[in-house]
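The lines below spell out each chain.
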Amino acid sequence: MNIKAEHALTVGATLGEGPIWVDDALWFVDIKQQRIYRHDPATGALDHWPAPEMVGWVLPAEPGKFVVGLRSGPHRFDPATGAFEPIASVDTDLPANRLNDAALDPAGRIWFGTMDDDEAAISGRLYRLDGTTVTDSGADPVAITNGPAISPAGDRLYHVDTIGKRITVHPLSPDGTLGAGETFQTFTMDDGYPDGAICDAEGGVWLGLYSGWEARRYAPDGTLTDVVEFPVANITKIALGGPDGRTAYATTARQGLDNTALAAQPLAGDIFTFRVSVPAKPPLRAA
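Basis of the calculations
Residues numbered from 1 in each chain as written. Predicted model: local features only at pLDDT ≥ 70, side-chain atom pairs only at ≥ 80, totals over all residues. Heavy atoms only, no water. Phe/Tyr/Trp six-rings, centres within 6.5 Å; stacked < 30°, edge-to-face > 60°. Helix = DSSP H or I, 4+ residues; strand = E, 2+ residues; numbered from the N terminus. Buried < 20%, exposed > 50% of the residue type's maximum accessible area, 1.4 Å probe, protein only. Lys NZ or Arg CZ within 6 Å of the ring centre and 35° of its normal. Pairing = 2+ DSSP bridges. Axes fitted to C-alpha atoms, helices over the stretch in contact; angles between N-to-C directions. Salt bridge = Lys/Arg side-chain N within 4 Å of Asp/Glu carboxyl O. 1 Å grid on protein atoms, 1.4 Å probe; cavity = no way out; pocket = protein on both sides within 12 Å on 5 of 7 lines; lining within 4 Å. Points joined across faces, edges and corners; volume = space filled by probe spheres on them. Nonpolar A, V, L, I, M, F, W, Y, C, P; charged D, E, K, R; others polar. Contact = heavy atoms within 4.5 Å.

**Focus on the packing of aromatic side chains**
Tallied over the entire structure, the rule returns 15 aromatic pairs. With a centroid separation of 5.9 Å and 40° between ring planes, the pair formed by W57 and F112 is classed as tilted. Within this pair, whereas W57 is found in strand β7 (residues 55-60), its partner F112 is found in strand β12 (residues 110-116), the two being separated by 55 residues in sequence. The class of W57 is buried, set by a relative accessible area of 1%. Members of the aromatic cluster, each reached through a chain of ring pairs, are W27, W49, F66, F77 and F84. The ring of Y193 carries K165 above its face, with NZ or CZ at 3.9 Å from the centroid.

Here it is, written out as structure tokens:
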């Protein structure tokens, strides 16, 4: 099914990322501007908090609290006070690395990736955060990790290698062990770069395409089911929310666009929306 995305919110993010739907609101980040955002579509309100470092993702924990991925590692975040509390340090031997994208599994574990901020070195790894313990998943290192996306049953994990233009699917055991991966999708230069990924209630994989002007949905067997067209090039990630879980929101980015491209894409970095037929997975929170 071909869909056209509609403009939803003016943000002008340098690198909008990590959208999630939590308690009737859309949360997302601007990595480069070091901001965490909350948007209430019902009222139009847009609030933001400054982060002390680049922030790759924000995920719900106990009610009213979050875990966020700062450059140096996962932190607890309290919107009521704006305070950040470190949980663990990651890649301390790789000062050029930062945290990039993340997802929750049904057990409340957070799976997150790191990457070279210069987008060149093969130094990005996929980690698992279980409480306060960070463990290397064993997935192959890449330059830019994205996703991961985790199936509703928690038995499959989709790991996105953005520069390598490939998505790998891994079996995921209940104890958090990641099995050997196999190729789920590959992409050409014409497609753009696979970016953030999520799974919906049927296990379909939604994917943003950076420099690709599109978002796509793939069925669990790899069949392309939906294509969403955008008036901007850099689509970073999709969230499913709204009262019925069928309203999609997309973050986008201005990063990498020269003045000519920005003039042609005045809405770059904003939030877009569209409707979908398959709703979101049940909401999860970090343990």
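From this point, the discussion proceeds with the structure in view.
**Describing the sheet that holds strand β18 (residues 182-186)**
Sheet strands pair via backbone hydrogen bonds, and the direction of the pair is either parallel or antiparallel. The strand order across the open sheet formed by four strands is β15-β16-β17-β18, and the pairing between neighbours is antiparallel. The sheet is open, and its two borders are formed by β15 (145-150) and β18, each paired with just one other strand. Across the sheet, the mean angle from the axis of one strand to that of its neighbour is 25°, orientation sign disregarded. Pairing of β15 with strand β16 (residues 156-161) involves four bridges; the strand directions are antiparallel. Bridging from a neighbouring strand, A149 pairs with Y158 of β16.

**A short note on the pattern of salt bridges**
Within this structure, the stated rule accounts for 13 salt bridges. K4 is paired through a salt bridge with E229; the nearest N and O atoms lie 2.6 Å apart. Of this pair, K4 sits in strand β1 (residues 2-4) while E229 sits in strand β22 (residues 224-229), and the two are 225 residues apart along the sequence. Taking the relative accessible area as the measure of exposure, K4 reaches 61% and is therefore exposed. Note on E229: relative accessible area 31%, which makes it partly exposed. Salt-bridge contacts for D136 lead to R125; the nearest nitrogen and oxygen are separated by 3.9 Å. Of this pair, D136 sits in strand β14 (residues 133-136) while R125 sits in the loop between β12 and β13 (126-130), and the two are eleven residues apart along the sequence. For D136, a relative accessible area of 38% corresponds to the partly exposed category.

**Here we look at the layout of surface pockets**
Here the largest pocket is characterised by a volume of approximately 630 Å³. Along its surface, the largest pocket is lined by 29 residues, and I20, W21, K281, P283 and L284 are the ones closest to its centre. Broken down by element, the residue count for the lining of the largest pocket peaks at five residues, all from strand β23 (residues 235-241). Here the lining of the largest pocket is composed, by residue class, of 22 nonpolar, three polar and four charged.

**Looking at the sheet that holds strand β5 (residues 35-40)**
Taken in spatial order, the four strands make up an open sheet running β3-β4-β5-β6, and their pairing is antiparallel. The strands lining the two open edges of the sheet, one partner per strand, are β3 (16-22) and β6 (45-50). Looking at each pair of strands side by side, their axes are set apart by 20° on average, direction ignored. Here five bridges tie β3 to strand β4 (residues 25-30), and the two strands are oriented antiparallel to one another. Looking across to β4, one finds that V22 is bridged to A25.

**Considerations on the side chain of H75**
The residue H75 is located in strand β9 (residues 73-78) in this model. In contact with H75, not counting residues within four places along its chain, are F66, V67, V68, L70, F84, E85, P86 and I87.

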